[in-house]
Amino acid sequence: MSVRFSEDVVPLSDLKVNPDKVIDRVQESHRPILLTSHGRGVAVVQRLEDYEKTLEELRFVKAVAQGVMVSEVQGKVVDADEVHEWLASWGTDDEKDAPGSGQ
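All values reported here derive from a predicted model rather than from experimental measurement.

The rules behind these values
- Residues numbered from 1 in each chain as written.
- Predicted model: local features only at pLDDT ≥ 70, side-chain atom pairs only at ≥ 80, totals over all residues.
- Heavy atoms only, no water.
- Pairing = 2+ DSSP bridges.
- Helix = DSSP H or I, 4+ residues; strand = E, 2+ residues; numbered from the N terminus.
- Patch = residues over 30% accessible without salt bridge, like charges linked within 9 Å, V, L, I, M, F, W, Y side chains within 5 Å.
- Areas by Shrake-Rupley, 256 points an atom, 1.4 Å probe, with all protein chains shown as cover.
- Salt bridge = Lys/Arg side-chain N within 4 Å of Asp/Glu carboxyl O.
- Axes fitted to C-alpha atoms, helices over the stretch in contact; angles between N-to-C directions.
- Contact = heavy atoms within 4.5 Å.

Observations regarding the pairing of strand β3 (residues 40-45)
In this structure, strand β2 (residues 33-37) lies alongside β3, joined through five bridges in antiparallel fashion. Note that in β3 the partner of threonine 36 across the bridge is glycine 41. What sits between β2 and β3 in their antiparallel hairpin is a turn of two residues, with histidine 38 showing a positive phi close to 55 degrees.

Some thoughts on a nonpolar patch on the surface
A contiguous nonpolar patch, built from Phe60, Val61, Val64, Val68 and Leu87 and spanning about 390 Å² of accessible area, is present on the exposed surface. Per-element tally for the nonpolar patch: the top contributor is helix α3 (residues 48-74), with four residues. Tracing the backbone shows valine 64 in helix α3.

Digging into the sheet that holds β3
An order of β1-β2-β3 is seen for the three strands of this open sheet, with the pairing classed as mixed. Both edges of this open sheet fall to β1 (9-11) and β3, since each of them pairs with a single strand only. Taking the axes of each pair of neighbouring strands and ignoring which way they run, one obtains an average angle of 35 degrees across the sheet. By the bridge criterion, three bridges tie β1 to β2 in an arrangement that is parallel. For valine 9, the partnering residue across the bridge sits in β2 and is leucine 34. Contacting β1, β2 and β3, helix α2 (residues 19-29) crosses the sheet at an angle of about 150 degrees to β2.

Next up, the structure:
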């Protein structure tokens, strides 16, 4: 899902005039669209599913980075079953803190 600046930059006025066209393009391309005002970026329009996937991927990367830091700094090793349980709790009411995070 990489932005194509030749196709994915839309003036805010275009969104105001024809919002359905912009939304359809986002839905079909699965790429975010940069909205501009007076030649400057002001917002991004993205499919909800793609946004949620990006957030989930970011959380995963942060978790991995946190796990690496914990294991390197504290010399701790986290059991794989704890990691699986923690990952399974994501997005639930019972979401757990990262194993070994000390939180």
